Amino acid sequence: MPAYPPADALTAHLASAVRKPEMARYTPIVGRDDLRGALATALSQAYGGRVAPAQVAITAGCNQAFCLALMALAGSGDEAILAGPSYFNYQMWLEMLGVSPVYLPFRPERGGVPDPADARERITPRTRAIVLVTPNNPTGAIYPPETIDGFHRLAREAGVALVLDETYRDFLPGSGPPHGLFAEPRWDETLVHLYSFSKVYSLTGYRVGALVAGRGLLAEVAKAADCVAICAPAIAQEAALYGLNHLADFRADKRRLVLERVAQFRAVFERRDLSYELICAGAFFAYVRHPFAGTPAVDVAHRLIRDENVLCLPGSAFGPDQEDYLRFALANIDGDAMTALGERLVASQG
């Protein structure tokens, strides 16, 4: 999560807004109309497509958006395809629902970008969704538009949903849209888009995200939401709306900061004396192959924190066949710490 605080202007606005009686009340289950409209406009502009407010639901964080979407899409005995390695909360939620996660193989030779051909081979009559996260958590891999389009075409042909989590899209390099799916005719028959306001505005504790999909699916999502949190917190929705309307400069500044840190992290792995291999990096995360072949990733991670005071997560936390990898969270590490990281990784090689 971001280490930097929310914008001063945002906290000042909320300090005043919290006095309003409506901030202590329920909102509509799928969110305030003004926030749904503002996000629909922002998405339409950013992606060069057409998103209507009625296709937007505001949720208590992006985790809840995923949970509600999968409750509406799948049930016990069904399957969902995940690009391995995968965010572990998603695996846990699927298994709680009785939905079997089916992993796509990790493709380090593709920079961590999954291959739609691998998904085609794994679709069965029980498949209900293909789940992608880009920029990826845990790997940081950024999926190019043509890859996302390939998965969308496959999902449409198979009659399954493409659940696309773009929590970290505000930290992408480049100025073009991440994909063109919102410009597709009838995109809402296949695409389920997930988003979080938490990372870009540093609002993780407020719990506010979004689910963008067809009206039919949102009607089912609303039923589930009413039984869980009823609605996203009113004050969190106020924060998200203020961010969309007033914090373009804050978004741009934090994007520059994160991109700078990604570049600094990449530079660490240009050292010739470093045997760790950077596979991919983007937004808040990076995925690294460790040099200790045959050693479980959790043992390497334990050794790094014990001996070198370097905290990372073992790849095995994110799905099968990940023992050779480590996940680093890099967004809150400054330049001096990056230099120290390189020295400590070299020291860990023995």
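Fair warning: this is a prediction, and the values are worked out from it, not measured in the lab.

**Quick notes on the pairing of strand E4 (residues 127–133)**
Regular strands have side chains that alternate between both faces of the sheet. Counting buried residues along E4, six of its seven residues qualify, which places the element largely inside the surrounding structure. Pairing geometry for strand E2 (residues 79–83) and E4, over four bridges, is parallel. Of the residues in E4, the one forming a bridge with Leu82 is Val131. Sheet analysis places E4 next to strand E5 (residues 161–165), joined by five bridges and oriented parallel. Note on E5: the bridge partner recorded for Val133 is Asp165. A crossover connection joins E4 to the parallel E5 through helix H6 (residues 145–158); in handedness this β-α-β unit is right-handed.

**Some points on the sheet that holds strand E10 (residues 313–314)**
By definition, the strands of a sheet pair up through backbone hydrogen bonds, in either a parallel or an antiparallel sense. Spatially, four strands are ordered E8-E9-E11-E10 in an open sheet, and the strand pairing comes out antiparallel. Strand pairing shows two members of the sheet lacking a second neighbour, strand E8 (277–282) and E10, which therefore form its edges. In terms of strand pairing, E10 meets strand E11 (residues 325–329) through two bridges, oriented antiparallel. Within E11, the position partnered with Pro314 by the bridge is Leu326. The strands touched by helix H10 (residues 248–268) are E8, strand E9 (285–289) and E11; relative to E8, the strand with the most contacts, the crossing angle is about 175 degrees.

**Brief notes about the sheet that holds strand E1 (residues 56–59)**
An order of E1-E7-E6-E5-E4-E2-E3 is seen for the seven strands of this open sheet, with the pairing classed as mixed. Two strands in the sheet have a free side with no partner beyond their single neighbour: E1 and strand E3 (100–104). Across the sheet, the mean angle separating the axes of adjacent strands is 20 degrees when strand polarity is ignored.

The rules behind the values
Residues numbered from 1 in each chain as written. Predicted model: local features only at pLDDT ≥ 70, side-chain atom pairs only at ≥ 80, totals over all residues. Heavy atoms only, no water. Buried < 20%, exposed > 50% of the residue type's maximum accessible area, 1.4 Å probe, protein only. Helix = DSSP H or I, 4+ residues; strand = E, 2+ residues; numbered from the N terminus. Pairing = 2+ DSSP bridges. Right-handed = clockwise from strand over helix to strand, strands pointing away. Contact = heavy atoms within 4.5 Å. Axes fitted to C-alpha atoms, helices over the stretch in contact; angles between N-to-C directions.

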